[in-house]
Structure formats: C-alpha cells, structure tokens
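# Commentary on secondary and tertiary structure
Chain by chain, the residues:
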Amino acid sequence: MPFSCKAIHIHQGGAMIRYRPHLEGSAARFEPLWALAASSLIILGLLWPSCSAAFYPGLLAASFLIVARPCSRWTAYAFVAPYFLLLGLAVWQPVFPWITGLLLALLLGELAGRLLYLLLRQAGHLRLLVLPCAWFCFDYAFARIPGFNRMQMIPLLAPVALRTEALALCAAWGPSLVLFFLAAIAGALILLVLRAAGCRVGDQRTVVLAGALLAAGCLALGIGLAGYRAVPSSGRTVRIAVARGVPSRGSSVQTAEELAQYHQTRRDAYLALDWPADADIYVLPETELGLWDRQNRIDQAYRDAYLSLARQLGGLTVLCVTEGDSVSQTDRHFSALLLDDTRFYGLSAKRFLVPFSESDRYTPGTRFDVYDTPAGKVGLAICYDFQGPTAGKLKANGAELLLAPFNDSGFGRVYQHLHRTSVVMQAAQLALPVAMANEGGIAQIVDGRGRILAERNGPGTGVIDETLMLDSRQSLYLLFGRWAALAFAIASAGWLFFLFASGMVCFFRQRTIRKLAGRKDRVD
C-alpha cells in the first residue's frame, strides 16, 4: 500500500485521536526514487525550457517527502544528486575534464545530501523550514558572497527564470528570497492538506508555522506582482542592434601584420551582416577585433579602423579589444570599447575572468564607469561579469542601459541557458535593460522588467534589433528587497549553523558513548 488513507482511531489520555498514516510498506523503500523524480522535475526546465512549469509539481513532491515522514540519508542524497550531476557534466565540463567534473559532482552531492539529512534530523517541528532556508542560503551564497560568486553554479530559480511570475517576484525580492517563498508555500500547502485529510503529520506548532509561512509567502508574492504591474510603460527609447554568431576564424597568425589582417578580416565579416540602418546602438560579441595601447604608440591604425567601423555602422558601437600598455607591458585586459564615428567614450575591462582560461592571460578590471552618450547613460559588462556584482554597481553609478558582449562558444545548451537566465533575472531585479550580443550562444534584448523583446539562437551569424526603453527607476529589490534578503541571510544561516553544530555535538557524544560501552564490555 503506497499511501494509506484508511482511518485509524486510537485512544490517548482518554481522548480519541483520528489520523491516517503516510507512506507505508513498499512505498517507504522507494522514497529515494521519488526524491530523484522530484529533483529531476525541478531542474527539467534547464534542459527543455518549454517544460519549465514542471518546477512546481517537482517542488510540491519534494515538500511532500520532507513533510510526510522522516527523511532517510539516501532520500536526501537522491534529492540533491541530479543537480550536482547536471552541474558537473553540463556546466563544469568545459573547464574540467568530464571525469573530473563527474567526480566533483558526486563528491559534492554526497556532502550536500549528508548535510541536508543532518539538518532535517535536528530541526524537529521546524523541519518545514529546512528546505526553504537551505535553498535560500545556497543560492544567496553563490550569488552574493565574494569568492563564492566566482564559481559557476546553477541558480536554483533558473528553470523558471523566464516565466512572468518569477520575473515579477525577482523584481521585488531577488531570486534567493523568491526561492524561499516558493519552497515555504509548497511545504505549508502540503502539510495543511495532509492534516485536513486526517494524516498525522506534525503537531499544533507545525500547523501554526505552516499557516504563518503560507500567509507571509502569499503577501510577499502579492507585493511583487503588484509592483511589477505598476512599472511605467513609456519613456525615452533607443533602437539597438546586436550580433549573434562568429565569422570564420581563419588560420593562425605569426607576425604583427598577419594579426592586423586577421582582425581586419573579422571586422569586415561583422560589418557585412544585415545591420539596420536606423539603429542608435550596435553591439558586437565578445571576440577580439583589435588591440588598444594605452600609450597610443602602436595602435593608431587600429583606432582609425574602429572609427571607420562605427562610421559605417552609423551609431554608437561596442566592440571588444585586447588592452595593454606598450611601455610598462603590465595589466593586460580584455576590454569592451564604446565609441561612435567621432570619439571614444571609454573602455571597460572585464572584471570577472573565467577561471584558468582567462585568469591566466588577463588582469581583471576594477572600474565600473558609466558613460553619458547621446543614447543615454550606458554601462558595459562582458560575459562572466554577470557572475559578480557588476550589473548592480553599474546601476548604482547611474546606468540606464547595459551593453553586454558575450561568448558562449564551446558550451552546451544548459550553460548557454544559464547565461541567458542570469541576464534576464538581473535585468528584472535591477530595473536595468540589457542588450546581449553573443558569439556562440543566445543573443537577446531584454527590457527593464526582464522581458525578452528579441532573441536569436541556433547556427549561423545574424543580427537582431529592437526598440528598448531606458530605465532609470529604482526597482523594489533595490529599495527594500536586497536589505530583506541580507537580513534573512544572516538569520537563516545562523539557524542552519546552529542545527549543524547541534547535530555534530550529538554525533560525537554518541560515538563517545559507544566507545565507552565497548570498553566496558571488554572489561566485563
């Protein structure tokens, strides 16, 4: 009998209590498989974005397993394993050899499963809070804490990040708090439904907690949706065109003349695309199209070529160059250059470098300049910059629009989808439109509400263009959501650490008792 709804009456203290048991018999043995299925549904949207709605039944199924009965260690491991396997095989694979990524995923999955099991055991009647708080802390740490945010993890909200309800909530609370609210509401609903059906799950304190979580979650969701609908729909607009794809790379180069010809060939190939004639801004992908010498001793021909390119395109242009100093020969950057046909507005060096492949060759940038142009106040961010606080700092410095060259060549569709959703979520929570060109992944134009106005994917090289409204407003997330997330991060991390420390104390105490009992048996 997998799930019994047969009523059972018992007498306790003279009073008759009616309840229905939860998982029974063979069903309990299949709990790890149920957990595996629930976790797979949650992340299904990363593999097939059209199946993103599967996130919600997967979340309900996971909440049922946690609420309905004590969770075994194998169940906890089965729940976290799909996430880490996908991380190792689809995200880390271009950085590590596949066998290394697989071993790291298995090891981290085992550690995360043990930790989740320990927290659930120690939480008692507060176990309803464990999964929401654990998800929140995990997501918040790898998105906000320096050092942690340099690691490419899978944001737990990524499977549903393109859905309107998720964007509306991110605009007010940020993805980490949205995760907490969704998981808390799912757990509270499951518990209250089971109690209404007569199942003996939790106690009166748990029911009160579930009611409070449901009310708080619904209130937070209501605030987010109301704020999202109140966004103004008119303002100053610009027309933006971005490129997707890469021309033929050509052969290797040996001399400075061959390198200059190589760069010219690539610039000509991008110039030959079907660009709209009336765009205000043109964005090229993250691919090296020339050199920039801060001393202006060896790059004058390059500078003339950049101005010629902007003149032929007919508007504000963004392209990527290797920036260096011919005198000191230090601080070699990979930078985005902003210019029009008459002047250079500036360069923004890439602040967050991809480990190993870029960090060994370039120096990270440290400036977060915003440029006042005829098209508005513009910030520049290059690809992996979205892994850190770059977009937030540019918004704080007054940016109304973010121009973002990307290069997802050599990465699979899961990694490309993560980059896509990262841009969308940050655009929504910061109220910052983003124009994203991409060499090998998804090119898209996203407004300040996180809505994708135009996109291009698939093989080949091409251009997309769209009219985009500049956005100088402060989102609800910037006004109060980020402070609420910080306060909750401190509180939830403290509570989870207390549970972990209590569990470790119990573990060592029990081990000491077993050792003493063994010695006593040997003496006897």
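Description of the structure in this document. As the structure is a computational prediction, the values presented were derived from the model and not from experiment. (Residues numbered from 1 in each chain as written. Predicted model: local features only at pLDDT ≥ 70, side-chain atom pairs only at ≥ 80, totals over all residues. Heavy atoms only, no water.)

We now examine the pairing of strand β6 (residues 333–339). Counted residue by residue, β6 has seven buried out of seven residues, so it is predominantly covered. Residues of β6 alternate between two faces, with His-333, Ser-335, Leu-337 and Leu-339 on one and Phe-334, Ala-336 and Leu-338 on the opposite face, all of them buried. Across seven bridges, strand β5 (residues 316–324) lies against β6 in antiparallel orientation. Paired with Cys-320 across the two strands is Ala-336, which belongs to β6. Looking at chain direction, β6 and strand β7 (residues 344–349) are connected through five bridges and run antiparallel. In the sheet register, Leu-338 faces β7, and the bridge partner there is Gly-346. Counting the residues that bridge the hairpin from β6 to β7 gives four residues. (Buried < 20%, exposed > 50% of the residue type's maximum accessible area, 1.4 Å probe, protein only. Helix = DSSP H or I, 4+ residues; strand = E, 2+ residues; numbered from the N terminus. Pairing = 2+ DSSP bridges.)

Further remarks concern the nonpolar core. Phe-79 and Trp-135 are the most contacted members of the largest nonpolar core, which totals 86 residues. Element by element, the count of residues in this core is highest for helix α7 (residues 164–196), at 19 residues. Leave out the neighbours within four places in its chain, and Trp-135 touches Ile-42, Phe-55, Leu-59, Phe-79, Leu-156, Leu-179 and Ala-183. Listed in part, the 54 residues of the second largest apolar core include Ala-171, Ile-240, Tyr-362 and Leu-394. (Core = buried A, V, L, I, M, F, W, Y, C linked by side-chain atoms within 4.5 Å. Contact = heavy atoms within 4.5 Å.)

The next thing to look at is the environment of Gln-261. One can find Gln-261 in helix α9 (residues 256–271). Residue class for Gln-261 comes out partly exposed when judged on its relative accessible area of 49%. Residues Gln-261 and Gly-290, spaced 29 residues apart in sequence, show a C-alpha to C-alpha distance of 9.9 Å.

What follows covers the packing of aromatic side chains. Scanning the entire structure with this criterion turns up 21 aromatic pairs. Between Trp-74 and Tyr-77 the ring centres are 6.4 Å apart and the planes differ by 85°, which places this aromatic pair in the edge-to-face class. With Trp-74 and Tyr-77 both in helix α4 (residues 73–91) and three residues apart, this pair spans about one turn of that helix. The class for Trp-74 is exposed, based on a relative accessible area of 57%. With centroids separated by 4.4 Å and ring planes inclined at 55°, the aromatic side chains of Phe-180 and Phe-488 adopt a geometry described as tilted. (Phe/Tyr/Trp six-rings, centres within 6.5 Å; stacked < 30°, edge-to-face > 60°.)

For the rest of this paragraph, the subject is helix α6 (residues 130–144). For α6, spanning 15 residues, the distance from its first C-alpha to its last is 21 Å, which sits close to the expected 21 Å at 1.5 Å a residue. Of all the 15 residues making up α6, eleven are buried; the element is thus mostly covered by neighbouring parts of the structure. Residues of α6 that are buried include every one of Val-130, Leu-131, Pro-132, Cys-133, Trp-135, Phe-136, Cys-137, Asp-139, Tyr-140, Ala-141 and Phe-142, and no others. (Expected span 1.5 Å × (residues − 1).)

Mapped onto the secondary structure, Leu-430 falls in helix α12 (residues 413–430). Relative accessible area serves as the criterion here: at 5%, Leu-430 is assigned to the buried category. In this view, Leu-430 contacts Ala-391, Gly-392, Lys-395, Ser-475 and Leu-478; residues no more than four positions away in its chain are not counted.

Turning next to a nonpolar patch on the surface. On the surface, Leu-85, Leu-89, Trp-98, Ile-99, Leu-103 and Leu-106 cluster together into a nonpolar patch covering about 560 Å² of accessible area. Looking at the nonpolar patch, the elements that each hand over two or more residues are α4 and α5 (98–123). Sort the elements by how many residues they give to the nonpolar patch and α5 lands first, with four residues. With respect to the helices, strands and loops of the structure, Leu-85 is situated in helix α4. (Patch = residues over 30% accessible without salt bridge, like charges linked within 9 Å, V, L, I, M, F, W, Y side chains within 5 Å. Areas by Shrake-Rupley, 256 points an atom, 1.4 Å probe, with all protein chains shown as cover. Salt bridge = Lys/Arg side-chain N within 4 Å of Asp/Glu carboxyl O.)

When their charged atoms lie close together, side chains carrying opposite charge are able to pair. Taken as a whole and assessed by the stated rule, the structure comprises 14 salt bridges. Notably, a salt bridge pairs Glu-165 with Arg-163, separated by 2.7 Å at the nearest N-O pair. Across the pair Lys-350 and Glu-358 runs a salt bridge, and its minimum N-O distance is 2.9 Å. The class of Lys-350 is buried, set by a relative accessible area of 1%. Classification of Glu-358 by relative accessible area gives buried; the value is 12%. Taken together, the shared-partner salt bridges connect Arg-73, Glu-110 and Arg-114 into one network.

The quantities given are spatial measurements derived from coordinates; they are silent on function.
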